[in-house]
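Here is how the chains run, residue by residue.
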Amino acid sequence: MNTKEHLMALREAANDERKAAEYLEALRWGNDPACPRCGSVAVYRMTGRDGQREKHLRWRCRDCKRMYSVRTVSVLEETRLPLTTWCHAFWRCCASKKGVSALQIQRETGIGYRAALFMLNRIRFGMADGADAPKLFGTVEADEAYVGGKPRCKNNALPSERPKQGPKGNLAPVVAVVQRGGPVRVRHVAKVSGATLRAFLLDTVDTGARLMTDEHRMYIRAGRLFRGGHETVQHSAKEYARGDVTTNTIEGFFSLLKRKFYGTHHAVSREHLHRYVAEAAFIYNARKVDDLERMRLAVKAGEGKRLFFREPGTAAA
Ligand SMILES: [Zn+2]
């Protein structure tokens, strides 16, 4: 699809369930629709008596003999929300740097708030890096920040009702690394310490890399792991760059992340915070492509990932 066809398909997907399915199929499989279970390309669209696609818009695989749809083995699995709404939500997540809130999706599509949140959290789950994400190399900047948090409690709350406040209030610590000119990797951690930083850096950065951080003591031991060396900028001495030694790239990512929380998501629970952080990293890592291509990447990213938490509004025991 070229950009014009893409835009046309996206517009048509807004009102027509079949068009929405076909658009998502094109994004997910391109010209090579393959069975999501066995990978066979001997597949065909199922049709009804009238020769049109059958009402659940399913396919059948000639090899494993099973039926599937564009929802199968992806973040859309086991949900009954219309594909038109999924298309809208994917688009809104990918076309805005600050992201979109469940409240906005609720207003724009008419689905309930919890269904909108459920949908967005699945899209974010798809956007998160898997364990197979390649390690960063070359020149890599690392930093930490505190984001999110619930609004402060009321002044007349009893002491027992007040949330426990750490040194950073109830903000959540996030650590991140970015490869210069390349991707970012980010993680919500329980606490920022030398040990958590070291584990995070070992998971995400190749030890041949050259590491740049601020002068914080927590980075000293972790920094010794990197054969390319560890250089620091002295923020306490108001030094922000020395030659090519800076942490400006990672600080740029964090300012984007903070704006997302201040501007769009006001009360994110810690339980879900990692999903918002993964979404911000995904959008940052796809910053060089246009909105339509970013949407294609997001649909692809949801492939093979399934999340079985219960859909709101479905039967509960
Ligand atoms: Zn199959």
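Refer to the structure printed above.
Model, not experiment: these values are computed from the prediction. (Residues numbered from 1 in each chain as written. Predicted model: local features only at pLDDT ≥ 70, side-chain atom pairs only at ≥ 80, totals over all residues. Heavy atoms only, no water.)

A. The nonpolar core, seen in detail. Among the nonpolar cores identified, the biggest contains 44 residues, and Tyr23, Leu83, Trp86, Phe90 and Met127 are the most heavily contacted of them. Listed by contribution, the elements that provide at least two residues to this core are α1 (3-12), α2 (17-29), β2 (59-61), α3 (83-94), α4 (102-109), α5 (113-127), α9 (270-285) and α10 (291-301). When near neighbours in sequence (up to four residues on either side) are disregarded, Tyr23 contacts Met1, His6, Ala9, Leu10, Ala13, Cys87, Leu292 and Met295. Counting 20 residues, the second largest nonpolar core, distinct from the first, contains Ala176, Ile250, Phe261 and Leu273. (Core = buried A, V, L, I, M, F, W, Y, C linked by side-chain atoms within 4.5 Å. Buried < 20%, exposed > 50% of the residue type's maximum accessible area, 1.4 Å probe, protein only. Helix = DSSP H or I, 4+ residues; strand = E, 2+ residues; numbered from the N terminus. Contact = heavy atoms within 4.5 Å.)

B. How the structure looks around the sheet that holds strand β1 (residues 43-45). Taking strand neighbours across the sheet as the criterion, the three strands line up as β1-β2-β3 in an open arrangement whose pairing is antiparallel. The two strands at the open ends of the sheet, each matched to only one other strand, are β1 and β3 (67-68). (Pairing = 2+ DSSP bridges.)

C. Examining the pairing of strand β6 (residues 184-188) more closely. Direction of pairing for strand β5 (residues 172-179) relative to β6: antiparallel, over a ladder of five bridges. Paired with Ala176 across the strands is Val186, a residue of β6. Between β5 and the antiparallel strand that follows it, β6, lie four residues; Gly181 among them carries a positive phi value of about 75°.

D. Spotlight on the coordination of the zinc ion. Protein coordination at the zinc ion: the donors are Cys35 (SG), Cys38 (SG), Cys61 (SG) and Cys64 (SG), at 2.3 Å from the metal. Because the angles between the four donor atoms bound to the zinc ion fall within 104 to 121°, the donor set is best described as tetrahedral. Each donor residue of the zinc ion lies on the same chain, and together they follow the pattern C-x2-C-x22-C-x2-C. Note that Cys35 is positioned in the loop between α2 and β1 and Cys61 in strand β2, a separation of 26 residues in sequence. (Donors = N, O, S within 2.8 Å, 3.2 Å for Na, K, Ca; no water. Tetrahedral: all angles 85-135°; square planar, octahedral: opposite > 155°, others 65-115°.)

E. Molecular detail of the sheet that holds β6. Reading across from one edge, β6-β5-β4-β7-β8 is the order of the five strands in this open sheet, with mixed pairing throughout. Of all the strands in the sheet, just β6 and β8 (230-233) have a single pairing partner and so form its edges. The sheet shows a mean angle of 25° between the axes of neighbouring strands, direction not considered. Most of the contacts of α9 go to β6, to which it runs at about 175°, and overall it touches β4 (139-147), β5 and β6. (Axes fitted to C-alpha atoms, helices over the stretch in contact; angles between N-to-C directions.)

F. Region of interest: unusual backbone geometry. Positive phi values are uncommon outside glycine, yet Leu57 reaches one of about 55°. Notably, Lys65 is not glycine yet its phi reads approximately 65°, a positive angle. In this fold, Lys65 is placed in the loop between β2 and β3.

G. Molecular detail of the pattern of salt bridges. A full pass over the atoms with the stated rule returns 19 salt bridges. Salt-bridge contacts for Arg92 lead to Glu108; the nearest nitrogen and oxygen are separated by 2.7 Å. Linking Arg92 in helix α3 with Glu108 in helix α4, this pair joins segments that are 16 residues apart in sequence. Glu108 gets classed as partly exposed once you look at its relative accessible area, which sits at 37%. Here Glu239 and Arg242 are joined by a salt bridge, their closest N and O atoms 2.9 Å apart. Its relative accessible area of 38% is what places Arg242 among the partly exposed residues. The network of salt bridges with shared partners includes Arg18, Glu22, Glu25 and Arg53. (Salt bridge = Lys/Arg side-chain N within 4 Å of Asp/Glu carboxyl O.)

H. The arrangement of the pairing of β5 in detail. Among the eight residues of β5, eight are classified as buried, and the element is accordingly described as predominantly covered. Residue alternation in β5 divides its side chains into two sets, Ala172, Val174, Ala176 and Val178 and Pro173, Val175, Val177 and Gln179, and both sets are buried. Direction of pairing for β4 relative to β5: antiparallel, over a ladder of eight bridges. When the sheet's bridge partners are listed, Asp143 is paired in β5 with Ala176.

I. Main features of the packing of helix α8 (residues 248-263) against α9. Close contact between α8 and α9 brings their axes to 10 Å; oriented N to C, the two are set at 125°. One way to sum up the angle between α8 and α9 is to call them oblique. Crossing handedness for the pair α8 and α9: right-handed. Contacts between α8 and α9 involve Thr249, Phe253, Leu257, Lys260 and Phe261 on the former and, on the latter, Leu273, Tyr276, Val277, Glu279, Ala280, Ala281 and Tyr284. The residue makeup of the contact of α8 with α9, split by class, is nine nonpolar, one polar and two charged. (Parallel < 35°, antiparallel > 145°, perpendicular 65-115°, else oblique. Left-handed = near helix turned anticlockwise from the far one by under 90°. Nonpolar A, V, L, I, M, F, W, Y, C, P; charged D, E, K, R; others polar.)

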